[in-house]
Structure formats: C-alpha cells, structure tokens
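Residues per chain, in single letters:
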Amino acid sequence: MTSRKLVLDDIDDLRAYERERDRLRASVIEMKGRRRLSFGTILTLTFENRETMRYQIQEMARVEKLITDAEIQVELDIYNPMIPEQGQLCATLFLELTSDDQMREWLPKLVGIETSVVFVLPNGDRVRSITEEQHADQLTREHVTAAVHYVRFEFTPEQIDSFASGPVRVEIDHPDYLEAVELLDSTREELLVDLR
C-alpha cells in the first residue's frame, strides 16, 4: 500500500498555484460540503483527506509567501498527519463561537470535547475519536478547551465492512453537549474512500 501523504512535488510554486487556485478552491469547497457534519448550533466536524490538506498547504504557502523547500516541508510536517491512511478517518472539530461571551461560556464547559465524538456502526461497535498527537499539547488544557481540534478515528476491517453497510450515526457524548446525526449515504460513501 502506498502512502497517501503529500510530498514536496505535490505542492505547486506560487505562480503555478495562482493559475489553478480558483478551480481547486471550488472543488475543495464542494468536497468539504459532502464531508462536513453539523452538531447543534456551535460544533462542526469536517473530514479531511489528501485534497483538503493539499489545498490548506497551498493556501498557507500563498498567504505566507513560502517559497523554499524547507518552508514547504514545515507545512507538510504539520498537515500530513491529518491525511487518513487506510482504516482511518481524520477530521477537524471546530467550535463555531462568534463572540467573547460565547467563548467564555463554552470553552471552559467543553473541555474534553475532542474525545467525545463517536461513530455508532450498524453492528453496534462504537469508534471513538482520538486526539491527533502532534496537536494535542497545543489544544488541550485542564480548564479550557480550544475552538479547533484535530481528531482521528481508527477502524478495524470488520468495522469498515459494518460502516459500508450503513446506516451510520455520529454522536457527541460530552455531558454538556449531547448531539447526534446520521450520515447521509453520500457522506458515508465519501468517507469509505478514506477508509479503504
């Protein structure tokens, strides 16, 4: 099995990227629409893949005017862990808090939210989120959480088969934020590509 991770040759220089930026941006926005789940009013989960992370790195390079291989490699090292390998799903968990009042209310209340996302499979198995190790120390504190978390889910081959048979529910089981959604078939099929 070949790795799905990005390498330097996958990232265009700034001029080449400008020529493809509009097309890539439209494609990634459409893809993210199929890969985004909303839970209640303030929490979204967006499942990342090689294309979403390539777009992220291209945009970082564009904004920060990164032109050397060493600068791009730093970005690759940051974002490659968010590209799922076979049997994994990787996601960005985002608390959409738009005011200081919301942040003061929710960030202390939702400590531990990053380990509170659970896939409930047709066979009854439950697959819980794991905090992406590289980002864990920066994003998790004892008394307040961050607005953004990077999480991963690890599935066995049997759990992937169950996932494929559908329906699949995703729950947030944090005591201060209990929510659940059922995956649309289109989202489930999109995520199966990551898992397989």
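Scroll up a little and you will see the structure.
From a predicted model like this one, the values you see are computed outputs, not experimental measurements. (Residues numbered from 1 in each chain as written. Predicted model: local features only at pLDDT ≥ 70, side-chain atom pairs only at ≥ 80, totals over all residues. Heavy atoms only, no water.)

Draft legend 1. Looking closely at the nonpolar core. Grouped together as the largest cluster of nonpolar side chains are 33 residues, with contacts concentrated most on Phe119, Phe153, Phe155 and Phe163. In terms of residues, this core owes the most to one element, strand S3 (residues 88-95), which gives 4 residues. Among residues more than four places away in sequence, those in contact with Phe155 are Gly87, Leu89, Phe119, Leu121, Val127, Ile160, Phe163 and Leu195. Among the nonpolar cores identified, the runner-up in size contains 13 residues, and Ile11, Leu66, Leu76 and Met82 belong to it. (Core = buried A, V, L, I, M, F, W, Y, C linked by side-chain atoms within 4.5 Å. Buried < 20%, exposed > 50% of the residue type's maximum accessible area, 1.4 Å probe, protein only. Helix = DSSP H or I, 4+ residues; strand = E, 2+ residues; numbered from the N terminus. Contact = heavy atoms within 4.5 Å.)

Draft legend 2. Up close: the pairing of strand S2 (residues 43-48). Across the 6 residues of S2, 6 count as buried, placing the element largely inside the fold. Residues Leu43, Leu45 and Phe47 point to one face of S2 and Thr44, Thr46 and Glu48 to the other, with burial holding for every one of them. The sheet contact formed by strand S1 (residues 36-39) and S2 spans 4 bridges and is antiparallel. Within the sheet, the bridge partner assigned to Ser38 lies in S2 and is Thr44. (Pairing = 2+ DSSP bridges.)

Draft legend 3. Expanded view of the packing of helix H1 (residues 14-34) against helix H2 (residues 50-64). Two numbers describe how H1 lies on H2: the axes approach to 10 Å, and their chain directions differ by 140°. Here H2 runs oblique to H1, going by the angle between their axes. Seen along the crossing, H1 lies across H2 with a hand that is left-handed. Note on element contacts: H2 touches H1 through Glu51, Thr52, Arg54, Tyr55, Gln58, Glu59, Ala61 and Arg62, opposite Leu14, Tyr17, Glu18, Glu20, Arg21, Leu24, Arg25, Val28, Met31 and Lys32. Of the residues in the contact of H1 with H2, the class split is 7 nonpolar, 2 polar and 9 charged. (Axes fitted to C-alpha atoms, helices over the stretch in contact; angles between N-to-C directions. Parallel < 35°, antiparallel > 145°, perpendicular 65-115°, else oblique. Left-handed = near helix turned anticlockwise from the far one by under 90°. Nonpolar A, V, L, I, M, F, W, Y, C, P; charged D, E, K, R; others polar.)

Draft legend 4. The arrangement of the pattern of salt bridges in detail. Per the stated rule, a full pass over the model turns up 17 salt bridges. Glu20 is paired through a salt bridge with Arg54; the nearest N and O atoms lie 2.5 Å apart. Taken together, the residues Glu20 in helix H1 and Arg54 in helix H2 connect sequence positions 34 residues apart. Taking relative accessible area as the criterion, Glu20 reaches 13% and is therefore assigned buried. Notably, a salt bridge pairs Glu59 with Arg21, separated by 2.7 Å at the nearest N-O pair. Of this pair, Glu59 sits in helix H2 while Arg21 sits in helix H1, and the two are 38 residues apart along the sequence. The buried category is assigned to Glu59, whose relative accessible area is 14%. When salt bridges with common partners are traced through the structure, they connect Glu30, Arg34, Arg35, Glu190 and Asp194 into a single cluster. (Salt bridge = Lys/Arg side-chain N within 4 Å of Asp/Glu carboxyl O.)

Draft legend 5. Here's a closer look at unusual backbone geometry. Note that the residue after Gly166, namely Pro167, is joined by a cis bond; omega there is -10°. Locating Pro167 in the fold gives a position in the loop between helix H6 (157-165) and strand S8 (169-174). Notably, Lys65 is not glycine yet its phi reads approximately 55°, a positive angle. Take Lys65: it is sitting in the loop between H2 and helix H3 (69-79).

Draft legend 6. View of the sheet that holds strand S9 (residues 177-182). Strands sit in the order S5-S4-S8-S9 across an open sheet of 4 strands; the sheet is antiparallel. Each end of this open sheet is capped by a strand with a single partner; those strands are strand S5 (126-128) and S9. For this sheet, the mean inter-axis angle between neighbouring strands, taken without regard to orientation, is 20°.

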